[in-house]
Structure formats: C-alpha cells, structure tokens
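Below, each chain spelled out in residue letters.
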There are 2 protein chains.
Amino acid sequence: MSNTRLGEARGEELPEKENSVTVRIIGHVRNEVPSGKVDDWGEIASEVVLDEEYKPSLEGIEQFSHIIVIFWMHQVDEYRPKVRPQGRTDIPEQGTFATRTPFRPNPIGISAVKLLSRKGPILKVIGLDCYDNTPVLDIKPYNAVDRGRVEIEIPDWMRKLMEERETDNPRYLY
Amino acid sequence: MSNTRLGEARGEELPEKENSVTVRIIGHVRNEVPSGKVDDWGEIASEVVLDEEYKPSLEGIEQFSHIIVIFWMHQVDEYRPKVRPQGRTDIPEQGTFATRTPFRPNPIGISAVKLLSRKGPILKVIGLDCYDNTPVLDIKPYNAVDRGRVEIEIPDWMRKLMEERETDNPRYLY
C-alpha cells in the first residue's frame, strides 16, 4: 500500500513503506471487446487513446511498424500463485511467473502489436489482447530486428502451446 | 493521483478517479551498480530477489533460458515529452514513447535477460540494465522463439544506434 498520501491526509508522517508504486494511467484501449473469451486476438482492431497531454511524446512512433503496449488488466482482481497454462489439464501446473496468466500479483500486460497509423494522441493497432477500456501505462517502440542472434530455450509445454496456436500475431513474440 | 485512500482517511467519499493504479513491489534487484552511466550492461550479473511469499510462483521458470523483468526505474523522477535518443545531437528529437528513454510518464522498464539459475525466490540473471535496489513489478517468461516470422520496420536512427552497439545482450531484443 502506498501510504504517503494517507499519512499527509492524517497530518502525520508515516514511515516510507516501499511496497508499492503509484503508476499513472496515460490512456485507454478502445475496441469492441468488452470482456469474455477471445479465441484469436490477431485480427482485433483497437485504438490506443492517450490523454491529450501525451500527444507530443508520440511524435515519431509512426516510423515503427510495431510497438509494445504496457497495460493494466483491470478486469482481473485475483492472484493465483500457480496455474495450469490456459487451464489445460494436459499441462503440468506452473508457477505464475513461468506463464502469461493474467492472475499475477500485478495484472500488468505487455503486448507487441502492429501499428497501423497514428492520429494525434490516437494509435490504431491490430492484434492487441486487451478489453475495451483497459488502462494504458506505457508505450515503447518494438525494435527486435536482430533477435535471431540470441538462442533461447523454452519448456516443452510452452512449445506445444505455441505450435498449436497457428498465428503470426506478434504479441507472443517479445 | 489515487484518491481512494485519501478519501477514506478524510472520512469522505471522493469520486473514483481512474487516473492511477497502485502496483505492488514484488522484489528488488541486487547488484554492484548503485547508479551512474554504464557502457555495457551485457556482462553485469544481478540477482532478482523476490519477496518470500512469491517463491511458489517462480516454480518452473528455470525451464526458460530467458525471462522478462518488469521494473520501476526508481532513480528517475522526471518526464520529458521529447528526447534525443541517448542524448546524441546527430539524431533528431523524438517523442518519448518512440524511444527507450527512462524519462517517461511512468518509469517502467522491461528487459529480456538470460536466466542463469534460481534458488528459492532468487533469480540469478545476466545483462539486466537495472541499478541496485530497483523495485521489481513482474516477471514473465520470454518465449520469442518464433519471432523470425514477423517482419518489422524501425526508423533509420534506431537502426544506426543498434548497429553501433555491438552486443548480443538480449535486453534489446524484445
């Protein structure tokens, strides 16, 4: 809990507790998916609508074909220490940090998506796995052109899931 | 500002303002870099020390060769709407979201790093571009094995910077 403001309001000084940070919401996702299960986000079009004050900070982003959107999965309010990936009984239970489950201590999502266009503070993107009205916390350019240089290893269970999911949606690819 | 707690402390009900979220600090980075400029983070060894309560959520993560660390750049307290990438005068000014500058509305950093080992709630990693004591907000597996499928474009200025930086440090590669 962030107690600084609470302390101020009480007129007393609380010891600084470093167990949380306050993160500004800089904008919201707008699309036609209010909630529920989506089989393939790859074709979902969304607008990332930043608050007007952040418009100058988007200048030049249209030179990137892909961007990383960092968002807050506001519909999730549960933390599960372990999960079965995608709820599948044929995959062993994993620690939450070993998966992309939304049931995390902090429901922060990061997705790399294709940027179609920018108009002022509004980014049109495709393939963003966010519900309508999802708060946005940051935008970063996606620059993984040289990633082939790095050899990485993943568990068999994730390889299986990825092979089954026939999509070129780059959100899985960061 | 998150006003819910402030309102409670005053004994009045404030309208819910959705302009911030409170994010738990789940652990901290430990290394030998207290601050300052670092030319190459690629060889810097760090420990990501999660709070004991999150130990179960790390189970299975050691099956990944690389992980994504999401952190809070706590030494940065300034937002600059536009920047020159890496302070270089030979590169045109860009909007902050078109760069990886730390001077963002929210100083959230994300880095993909090599995971050397795990011991309980402690992850040994290499190449993490964080100062000692940096708060950690989330850990995700890095699964970009198939990323070669996606063609991406980046601006010339970033290509130039990346070509100049001769490193295989994967933190640039998500």
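Novice: Go over the overall build of chain A with me, naming the residues and quoting the values.
Specialist: Secondary structure summary: chain A contains two helices and nine strands in total. Listing the helices and strands of chain A from first to last along the sequence gives α-β-β-β-β-β-β-β-β-β-α. Split into buried and exposed, the 174 residues of chain A put 52% on the buried side. By sequence separation, contacts in chain A at least 24 residues apart represent 74% of the contacts at least 6 residues apart. Split by element, the accessible area of chain A, about 8300 Å² in all, is 45% carbon and sulfur.

Novice: Quick rundown of the confidence of the model for chain A? Include the residues and the values.
Specialist: Residue and element names in this part refer to chain A. Per-residue confidence for chain A gives a mean pLDDT of 83, with 79% of residues at or over 70. With pLDDT under 50 throughout, residues 1–16 is counted as low confidence; its partners more than four residues away or in other chains account for 18 contacts. In the model, residues 167–174 has pLDDT below 50 throughout and makes 38 contacts with residues more than four positions away in sequence or in other chains. The ipTM assigned to the predicted complex is 0.83, against a pTM of 0.84.

Novice: Give me the sheet that holds strand β8 (residues 122–126) of chain A: which residues, what numbers.
Specialist: Residues and elements named next belong to chain A. The strand order β2-β3-β8-β7-β4-β9 describes a closed barrel built from six strands, whose pairing is antiparallel. The average angle at which neighbouring strand axes cross in this sheet is 45 degrees, direction not considered. When strand β7 (residues 108–119) meets β8, the two strands line up antiparallel, connected through five bridges. From the neighbouring strand, Lys119 faces β8, where its bridge partner is Ile122.

Novice: Can you explain the side chain of Ser57(A)? Please cite residues and give values.
Specialist: Within the fold, Ser57(A) resides in the loop between β3 (45–50) and β4 (66–72). Since its relative accessible area comes to 0%, Ser57(A) is described here as buried. With residues up to four places along the chain from it excluded, the contact list for Ser57(A) reads Tyr79(B), Arg80(B), Pro81(B), Gly95(B), Thr96(B), Phe97(B) and Ala98(B).

Novice: Account for unusual backbone geometry, naming residues and giving values.
Specialist: Here the phi dihedral of Asn133(A) falls at roughly 80 degrees; this positive angle occurs in a residue that is not glycine. Residue placement: Asn133(A) occurs in the loop between β8 and β9 (135–141).

Novice: Please set out the packing of aromatic side chains residue by residue, giving values where relevant.
Specialist: A complete count under the given rule lists eight aromatic pairs over all chains for this structure. For the ring pair Tyr79(A) and Tyr54(B), a centre distance of 5.9 Å and an interplane angle of 55 degrees mean the geometry is tilted. Within this pair, whereas Tyr79(A) is found in the loop between β4 and β5 (82–83), its partner Tyr54(B) is found in the loop between β3 (45–50) and β4 (66–72), the two belonging to separate chains. Taking the relative accessible area as the measure of exposure, Tyr54(B) reaches 2% and is therefore buried.

Novice: Describe the sheet that holds strand β8 (residues 122–126) of chain B, and please don't skip the residues or the numbers.
Specialist: Residues and elements named next belong to chain B. Pairing is antiparallel in the closed barrel, where six strands are placed in the order β2-β3-β8-β7-β4-β9. Put simply, the sheet's adjacent strands are angled 45 degrees from each other on average, direction ignored. Bridge analysis of β4 against strand β7 (residues 108–119) gives seven bridges, and the strand direction is antiparallel. In the strand pairing of β7, Ile67 is matched with Val113.

Novice: Talk me through the pattern of salt bridges; I want residue IDs and the actual numbers.
Specialist: Pairing between side chains of opposite charge can happen when their charged atoms approach one another. Within the structure shown, the criterion is met by 16 salt bridges over all chains. Among the salt bridges present, the one from Lys55(A) reaches Glu52(A), with a minimum N-O distance of 3.5 Å. Overlapping salt bridges, with partners in common, bring together Arg104(A), Asp138(B) and Lys140(B) in one network.

Novice: Could you give an account of the side chain of Thr134(B), naming the residues involved and the relevant values?
Specialist: Residues and elements named next belong to chain B. With respect to the helices and strands, Thr134 occurs in the loop between β8 and β9 (135–141). The exposure class of Thr134 is buried, given its relative accessible area of 3%. A distance of 2.6 Å separates a polar side-chain atom of Thr134 from the backbone oxygen of Tyr131. Excluding its chain neighbours within four sequence positions, the residues that come into contact with Thr134 are Gly27, His28, Val29, Phe71, Trp72 and His74.

Reading guide: rules and limits
- Residues numbered from 1 in each chain as written.
- Chains lettered and ligands numbered in written order.
- Predicted model: local features only at pLDDT ≥ 70, side-chain atom pairs only at ≥ 80, totals over all residues.
- Heavy atoms only, no water.
- Helix = DSSP H or I, 4+ residues; strand = E, 2+ residues; numbered from the N terminus.
- Buried < 20%, exposed > 50% of the residue type's maximum accessible area, 1.4 Å probe, protein only.
- Contact = heavy atoms within 4.5 Å.
- Areas by Shrake-Rupley, 256 points an atom, 1.4 Å probe, with all protein chains shown as cover.
- pLDDT = per-residue confidence, 0-100.
- Pairing = 2+ DSSP bridges.
- Axes fitted to C-alpha atoms, helices over the stretch in contact; angles between N-to-C directions.
- Phe/Tyr/Trp six-rings, centres within 6.5 Å; stacked < 30°, edge-to-face > 60°.
- Salt bridge = Lys/Arg side-chain N within 4 Å of Asp/Glu carboxyl O.
- Polar contact = N/O pair within 3.5 Å; in protein donor to acceptor, adjacent residues only side chain to side chain.

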